[in-house]
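Architecture and fold: a report
Take a look at the letters that make up each chain.
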Amino acid sequence: MSNLQKLAFAIIEHLSSELKSGAITGDSAESLEVSIQCLEAVYGINRNDPSQTAALKSDKPLAEIFKNATQTKGGTTAAQPTREDREKAEQLKTEGNQLMKEEKYQEAIRCYTKAIELDSSNAVFPCNRAAAYGKIGEHQKAIEDCQKALSLDPNYGKAYGRMGLSYHNQNNFQKAKESYSKALELEPGSTFYQTSLAQVEEKLNESQRGTGNARPAAGGLPGLGGLDLGSLLTNPAIMDMAQTFMSNPGVQQMMTNMMQGGAGSAGGAAGIFQAAQQFGERMQESDPELFEQLRGQAQAAVNEHSGQNPPRDGQDPNPG
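Residues numbered from 1 in each chain as written. Predicted model: local features only at pLDDT ≥ 70, side-chain atom pairs only at ≥ 80, totals over all residues. Heavy atoms only, no water.

Identification of the protein chain as SGTA homodimerisation domain-containing protein from Pocillopora meandrina is taken from an unreviewed UniProt entry. On record in UniProt, under Sequence similarities (unreviewed entry), the comment for the protein chain is "Belongs to the SGT family." (UniProt positions renumbered as here; feature names shortened; annotations may be inferred.)

Listed below in structure tokens is the structure:
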């Protein structure tokens, strides 16, 4: 067996592993399948032949061989992460998680990046950084980090879920569907993945019916004051903000009081007001177009009930 044939076999094995991981889908997956078939034909490789497979198979997978080769500096292979490096990386991850809760996303990204530099074998670090990139609208970087995490752990459901969210935000509904489907396969109990998958499937159905990605008409849902709730319910960023809003202790306490028939405390009401204000601010930053649309519709509904005329087209409903 020639070295070239062994190299071709290693490439075929690597490409096949990528396909099985599900990280590459759609047209890209079809292209890989064609490449595998071509390499097998050119180098006369039959992976169904046990004797040939045993003769061609390398001791280490191609990805590991490549990683070791690229880490070589001055003829010496770079050392694997020490125990201290791994512990420091974990500390940085914890710091990054806390910064995420504080909505300090750039700082969180720096922590996760340092963690990756210390320990590049941990799939959690790039997956967490993907979440931070998603928060600041860097969806392509988030996708790349999710793919990096999946190359380390092909069964990492959260990485598929976050990749689906980023594709969703890019309006790439087919890719989002594929990612959400894989995430749901790995984590079948996730209601978030179920809801998100249903949303992108509806978007794809709309596209097939010729309605494209258009949002619902300005009239909104009936009986709700003309608000375009359809846009809210199909916007993944807004849904994420809503989850954060509902996790606020003030909101939860007020809901408990309501269910028990109580009036609720002033502190709980203040907490709800503060959380709602933050929700509106984050929504305005995430999708200013949708924010202005909903604000205009809300103002129109108020004017209608109060007997005032709505603002004319193109007029700022809240000048100044």
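**Some points on the overall build of the protein chain**
Each helix and strand counted, the protein chain has 16 helices and two strands in total. Counting across all 320 residues of the protein chain, residues that qualify as buried make up 32%. In the protein chain, 51% of the contacts between residues at least 6 apart in sequence involve partners at least 24 apart. As displayed, the protein chain has an accessible area near 18900 Å², and 52% of this comes from carbon and sulfur atoms. (Helix = DSSP H or I, 4+ residues; strand = E, 2+ residues; numbered from the N terminus. Buried < 20%, exposed > 50% of the residue type's maximum accessible area, 1.4 Å probe, protein only. Contact = heavy atoms within 4.5 Å. Areas by Shrake-Rupley, 256 points an atom, 1.4 Å probe, with all protein chains shown as cover.)

**Looking at the side chain of D145**
Inspection of the secondary structure assignment puts D145 in helix α8 (residues 139-152). Excluding residues within four positions of it along the chain, D145 makes contact with P126, R129, A130 and Y133.

**With respect to helix α11 (residues 191-208)**
Over its 18 residues, α11 extends 26 Å from the first C-alpha to the last, a length consistent with the 26 Å expected when each residue adds 1.5 Å. Inspection of α11 places Y193, S196, L197, Q199, V200, K203, L204 and E206 among the buried residues, and these make up the whole buried set. Downstream of α11 by one or two residues, G210 has phi in the positive range, about 90°. (Expected span 1.5 Å × (residues − 1).)

**Points about the environment of Q174**
Note on placement: Q174 falls in helix α10 (residues 173-186). Overall, the relative accessible area of 39% leaves Q174 in the partly exposed class. Taking the C-alpha atoms as reference points, Q174 and V200, 26 residues apart in sequence, are found 7.6 Å from one another.

**Here's the deal with the nonpolar core**
M100, L150, Y156 and M163 are the most contacted members of the largest nonpolar core, which has 38 residues in total. For this core, the element with the most residues is helix α6 (residues 105-118), which contributes seven residues. (Core = buried A, V, L, I, M, F, W, Y, C linked by side-chain atoms within 4.5 Å.)

**Describing the confidence of the model for the protein chain**
Of all residues in the protein chain, 61% have pLDDT values of 70 or greater, and the mean over the chain is 74. Segment residues 72-78 is flagged for pLDDT under 50; beyond a separation of four residues in sequence, or across chains, it makes five contacts in the model. Here residues 212-228 scores under 50 on pLDDT; set against residues more than four positions off or in separate chains, the count is 37 contacts. (pLDDT = per-residue confidence, 0-100.)

**A word on the environment of S120**
Here S120 is to be found in the loop between α6 and α7 (124-135). Take S120: its relative accessible area is 37%, and that puts it in the partly exposed class.

**Structural notes on the layout of surface pockets**
As a volume, the second largest pocket reaches approximately 740 Å³. Forming the walls of the second largest pocket are 27 residues, and the residues nearest its centre are H14, P61, A63, E64 and S151. Those elements that place two or more of their residues in the lining of the second largest pocket are α1 (3-21), α4 (62-70) and α8. Take the lining of the second largest pocket: its biggest share by element is seven residues, from α1. Split by residue class, the lining of the second largest pocket holds 10 nonpolar, nine polar and eight charged. (1 Å grid on protein atoms, 1.4 Å probe; cavity = no way out; pocket = protein on both sides within 12 Å on 5 of 7 lines; lining within 4 Å. Points joined across faces, edges and corners; volume = space filled by probe spheres on them. Nonpolar A, V, L, I, M, F, W, Y, C, P; charged D, E, K, R; others polar.)

**Overview of the UniProt feature "repeat: TPR" (unreviewed entry) in the protein chain**
Mapped onto the present numbering, the UniProt feature "repeat: TPR" (unreviewed entry) falls on residues 89-122, 123-156 and 157-190. Across residues 89-122, helical content stands at 79% and strand content at 0%; the span's end C-alpha atoms are separated by 9 Å. Secondary structure within residues 157-190 divides into 79% helix and 0% strand; the distance between the first and last C-alpha atoms comes to 10 Å.

**Here's the deal with the packing of α8 against helix α9 (residues 157-169)**
Put simply, α8 and α9 touch, their axes get as near as 9 Å, and they point 160° apart. When the interaxial angle is binned, α8 and α9 end up roughly antiparallel. Between α8 and α9 lies a crossing of left-handed hand. Where α8 abuts α9, its residues H139, A142, I143, C146, Q147, A149 and L150 lie against A159, Y160, R162, M163, S166, Y167 and N169. A per-class count over the contact of α8 with α9 returns nine nonpolar, four polar and one charged. (Axes fitted to C-alpha atoms, helices over the stretch in contact; angles between N-to-C directions. Parallel < 35°, antiparallel > 145°, perpendicular 65-115°, else oblique. Left-handed = near helix turned anticlockwise from the far one by under 90°.)

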